[in-house]
Amino acid sequence: MRLAKDDLLQYSRRKQGTNVQQGTNVPMSQPLNPSPVHPVNSSSGNDPDEASQLKKYLAKEFEIKDLGRLKYFLGIEVARSPTGIFISQRKYILDLLKEIGMLGCKPTNTPIEASQKLMAGVGRKVDKERYQRLVGRLIYLTHMRPDVTYAVSIVSQFMHDPRTSHMEVVYRILRYFKSSPRKGLLFARNGYLKIDGHLKIEAYTDADWAGSIDDRRSTMGYYKFIGGNLVIWRSKKQTIVSRSIAEAEYRAMASGVCEVLWLRGIMHELGLMQKNPILLYCDSKVAINIAHNLVQHDRTKHIEVARHFIKEKLLNVDICIPFVRFEDQLADVLTKGLSSRVFESIISKMSMSNIYASS
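None of these values were measured; they are calculated from a predicted model. (Residues numbered from 1 in each chain as written. Predicted model: local features only at pLDDT ≥ 70, side-chain atom pairs only at ≥ 80, totals over all residues. Heavy atoms only, no water.)

Overview of empty space enclosed by the protein
It is a probe the size of a water molecule, rolled over the atoms, that shows where empty space is left.
Then, number 1: All chains considered together, the criterion is met by two cavities of 30 Å³ or more.
Then, number 2: Here the largest cavity defines a volume of roughly 70 Å³.
Then, number 3: Around the largest cavity, the lining residues are P111, I112, D147, V148, T149, Y150, A151, V333, K336, G337, L338 and F343.
Then, number 4: Considering every element that reaches the lining of the largest cavity, the biggest residue donor is helix α5 (residues 149–155), with three residues.
Then, number 5: For the lining of the largest cavity, a count of residues per class yields eight nonpolar, two polar and two charged. (1 Å grid on protein atoms, 1.4 Å probe; cavity = no way out; pocket = protein on both sides within 12 Å on 5 of 7 lines; lining within 4 Å. Points joined across faces, edges and corners; volume = space filled by probe spheres on them. Helix = DSSP H or I, 4+ residues; strand = E, 2+ residues; numbered from the N terminus. Nonpolar A, V, L, I, M, F, W, Y, C, P; charged D, E, K, R; others polar.)

Digging into a nonpolar patch on the surface
Then, number 1: A contiguous nonpolar surface patch, about 380 Å² in accessible area, is contributed by W262, I266, L270 and L272.
Then, number 2: Along the polypeptide, I266 turns up in helix α7 (residues 245–269). (Patch = residues over 30% accessible without salt bridge, like charges linked within 9 Å, V, L, I, M, F, W, Y side chains within 5 Å. Areas by Shrake-Rupley, 256 points an atom, 1.4 Å probe, with all protein chains shown as cover. Salt bridge = Lys/Arg side-chain N within 4 Å of Asp/Glu carboxyl O.)

Quick notes on the nonpolar core
Then, number 1: Formed by 48 residues in total, the largest nonpolar core has its most connected members in L138, V170, I173, L174, Y223 and M350.
Then, number 2: The element contributing the most residues to this core is helix α6 (residues 164–179), with seven residues.
Then, number 3: For I173, the residues in contact, after removing those within four places along its chain, are P111, L138, A151, V152 and V155. (Core = buried A, V, L, I, M, F, W, Y, C linked by side-chain atoms within 4.5 Å. Buried < 20%, exposed > 50% of the residue type's maximum accessible area, 1.4 Å probe, protein only. Contact = heavy atoms within 4.5 Å.)

Brief notes about the sheet that holds strand β11 (residues 319–320)
Then, number 1: Here five strands make up an open sheet; going across it, the order is β9-β8-β7-β10-β11 and the pairing mixed. The sheet terminates laterally at β9 (229–237) and β11, the two strands that pair on one side only.
Then, number 2: Inspection of the sheet shows strand β10 (residues 278–281) paired to β11 by two bridges, in the parallel sense. Opposite I278, over in β11, you have I319 as the bridge partner.
Then, number 3: Sheet contacts for α7: β7 (201–208), β8 (219–226), β9, β10 and β11; angle to β7, the most-contacted strand, approximately 155°. (Pairing = 2+ DSSP bridges. Axes fitted to C-alpha atoms, helices over the stretch in contact; angles between N-to-C directions.)

Quick look at the structure:
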């Protein structure tokens with residue numbers, strides 16, 4: 001149930017009014033400080049008394065019930081330990097495999113074959129309704145499984161006219177889930193990357209130039225980490241055709257910069273100040289050189305706005321763009337199919353784990 005914002009603000013103002021009267025004897029009719037009002041201030045986030053009062057107030061205004069700590073909701077399982085919080089969709093995956101009769105299928109190590117490309121209109125048509133239903137279920141699974149995000153984004157492009165080649169990839173993704181139904185994201189307590197007591201933001205961006213056979217658009221992808229914990233990931237086909245690898249990489253970099261700046265703004269509102277520049281890893285030396293050198297007119301006219309945008313953030317020391325080797329580029333999983341060796345190596349470096357595995 002979504003709570004009305006005005007009701008929460010009303011509760012917060014009542015609390016502020018009480019504090020003002022107790023502290024300075026200012027009448028309630030006098031205007032309060034015009035600064036932004038938050039339902040629960042940052043100092044009371046772990047205050048059980050404040051939380052209890054808020055629950056009682058909401059219970060008066062709405063018909064709600066306190067169910068305790070979250071364990072399972074809409075197919076998402078939550079497990080807590082001294083290490084941190086582990087989120088997975090194990091039951092949802094097993095129920096899906098059982099529903100479609102693939103619980104006993106042969107598992108595979110990767111969700112899509114290395115360098116596999118799909119085309120529209122190739123092969124026999126398949127049941128459109130079944131295809132859309134399966135892909136819809138897979139899209140929901142990408143909320144907690146960044147390892148299948150690229151493969152699912154590819155098959156979702158053929159929802160209007162699915163063919164046998166597209167359905168085969170859908171079945172391969174399901175076979176991959178059969179091999180790893182218990183994998184999920186671990187949000188570790190007190191992330192291992194910290195600067196002056198504040199969490200560190202890191203990002204990886206990559207692009208697969210002209211990867212789409214149908215329209216030769218590039219696929220971009222990025223990962224965002226806070227304190228070593230993966231919080232944002234995306235795989236998306238670019239809206240225009242890039243004329244070079246550098247352009248595709250640079251446009252992916254610009255999208256990544258926008259995302260990390262938004263993330264830093266959210267952390268700033270929460271009182272978590274980012275003092276050092278954000279690290280934005282890229283495996284294209286040409287794109288990095290363009291970002292640092294404005295005097296490349298002939299090569300960069302077509303990406304003029306993005307070039308000046310990134311250069312401005314570099315001059316303001318908002319971001320830093322270090323080079324990363326191919327084997328350490330985590331965003332490769334979001335832009336192309338990889339061999340099982342490379343795929344497993346990259347997945348092991350992310351926040352994904354299996355807490356149900358025997359030690």
